[in-house]
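Given next are the chains, with one letter for each unit.
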Amino acid sequence: MPVLGFIGTGNMGSALARAAAKKPENRLLLANRSLEKAELLREELGGELTFNADALAADYTFLGVKPAGLEDLFEELRPALAEAERPPVLVSMAAVTSIDRILALAGREVPVIRIMPNTPVAVGRGVILYTCSPLVTKAQEAIFLEAMSEGGRFIRTEERLIDAGACISGCGPAFVDLFAEALADGGVACGLPRALALELAAATLEGAAALMLETKKHPAQLKDEVCSPGGTTIQGVRALEKGGFRSAVMEAVLAARGKG
Ligand SMILES: NC(=O)c1ccc[n+]([C@@H]2O[C@H](COP(=O)([O-])OP(=O)(O)OC[C@H]3O[C@@H](n4cnc5c(N)ncnc54)[C@H](OP(=O)(O)O)[C@@H]3O)[C@@H](O)[C@H]2O)c1
C-alpha cells in the first residue's frame, strides 16, 4: 500500500492527488499552506490532513508549490529530512527546476523523481514527462508508475529534455485550446450553433490525436489521406498554409522555450 504525500494541493498538486485517489490501495497525506484547501480535498478524496513535515513520512512526497516557494518550503522541511531514517522519494513538479537544485535545497542525498505533468492529468489523460535521480531504485520507479497510472501517459526521458518537452506537453494544451476555439469560430461563421461547433472541434482533436497515436502514422500521411484531389480539405489546408499556420505553431513552441 504506497503512501503518497502531497505538499501544496493547488491546481497541479490536487490534480495529481485526484489521479492517485482513483487507486484505492494508495494512501494519501495532504498538506497545504492554507489548510482549508487541503481539508476540502480530503473531504473529496479521503486520506489524512497533515502538516508539511509530516507528509515526509510518505513513500513518495509530491512538492506542489510554485518554484519560487521551494526555498521557504525546504527551510521548513530540512530538519525533518535530515532526521529521516528512510527519506521519501521527493517528487518535484516544479517547472525549470533541476534535480540538482532540489537536492541542494534538501541538504542531503534523497531519491528524486522530477515530473512535468500537464493539465489533462485532471481527467486522467495527462502527459507526464519524468526522470529519476540515481538513488531511485527500479522498484521505487515501478511502484510510482503503478500508483499514478490513472493520471495519464508517463514518458521517461533524460532530464536535459524535460524543459523543451514541457513546451509541447505543458504549454501545448493552451495552444490546442486556441486552435479548438478558432475551429469552432469558423464553424459558427458557417452557421453552426456555438455549442455544437465546440463539441465538434474538441472531439475532432481527440479523434485525430488518437488516430495518430494508435496507427503511429506520420501526421503528414494522415493529412494526405483526408485530402482527396480537388476536394474541400486541401482547400482548407491551402488557407492554413497561406496564413502561416505551421510556422506560427513552431514559433509558439520556440517562444515558450524563450527562443522566439
Ligand atoms: N499548473 C500547471 O499547468 C503546471 C504544469 C506543470 C507543472 N506545474 C508545477 O506545479 C507546481 C504548482 O503549480 P500550480 O499551478 O498547481 O500552483 P498553485 O495552484 O498556486 O498551487 C500551489 C499550492 O502550493 C501551496 N503552497 C505554497 N507555499 C506552500 C508551503 N510553504 N507549504 C505548503 N503549501 C504551500 C499553495 O497554498 P495556498 O492555498 O496557501 O496558496 C497552493 O495551494 C509549480 O511548481 C508548477 O511549476 C504546474
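One can find the structure itself at the top, above this paragraph.
Residues numbered from 1 in each chain as written. Predicted model: local features only at pLDDT ≥ 70, side-chain atom pairs only at ≥ 80, totals over all residues. Heavy atoms only, no water.

A. Quick look at the pairing of strand β7 (residues 126-132). Of all 7 residues in β7, 6 are buried, a share of seventy percent or more. Direction of pairing for strand β6 (residues 112-116) relative to β7: antiparallel, over a ladder of 4 bridges. Note that in β7 the partner of M116 across the bridge is L129. By the bridge criterion, 5 bridges tie β7 to strand β8 (residues 152-156) in an arrangement that is parallel. Bridged to G126 within β8 is G152. A crossover links β7 with its parallel partner β8, the connecting element being helix α5 (residues 138-147), and its sense is right-handed. (Buried < 20%, exposed > 50% of the residue type's maximum accessible area, 1.4 Å probe, protein only. Helix = DSSP H or I, 4+ residues; strand = E, 2+ residues; numbered from the N terminus. Pairing = 2+ DSSP bridges. Right-handed = clockwise from strand over helix to strand, strands pointing away.)

B. Structural context of helix α4 (residues 99-106). Of all the residues in α4, the buried ones are I99, I102, L103, L105 and A106. Looking down the long axis of α4, one finds its buried residues gathered within 160° of arc, a one-sided arrangement. For α4, the exposed residues set more than 90 degrees away from the buried face come down to D100 and A104. Buried residues along α4 sit in contact with α3 (70-83), β5 (89-92), β6 and β7. G107 occupies a position one or two residues after α4 and carries a positive phi of about 80°. (Arc of directions from axis to C-beta. Contact = heavy atoms within 4.5 Å.)

C. How the structure looks around the side chain of N32. Tracing the backbone shows N32 in the loop between β2 (27-31) and α2 (35-45). Residues in contact with N32, not counting those within four places in the same chain, are G8, T9, G10, K37, A38 and N52.

D. View of a nonpolar patch on the surface. A grouping of L35, L49 and F51 is seen on the molecular surface, where their side chains present a nonpolar patch of about 290 Å² in accessible area. Among the structural elements, L35 can be located in helix α2. Of the residues examined, L35 reaches a relative accessible area of 36% and is grouped as partly exposed. (Patch = residues over 30% accessible without salt bridge, like charges linked within 9 Å, V, L, I, M, F, W, Y side chains within 5 Å. Areas by Shrake-Rupley, 256 points an atom, 1.4 Å probe, with all protein chains shown as cover. Salt bridge = Lys/Arg side-chain N within 4 Å of Asp/Glu carboxyl O.)

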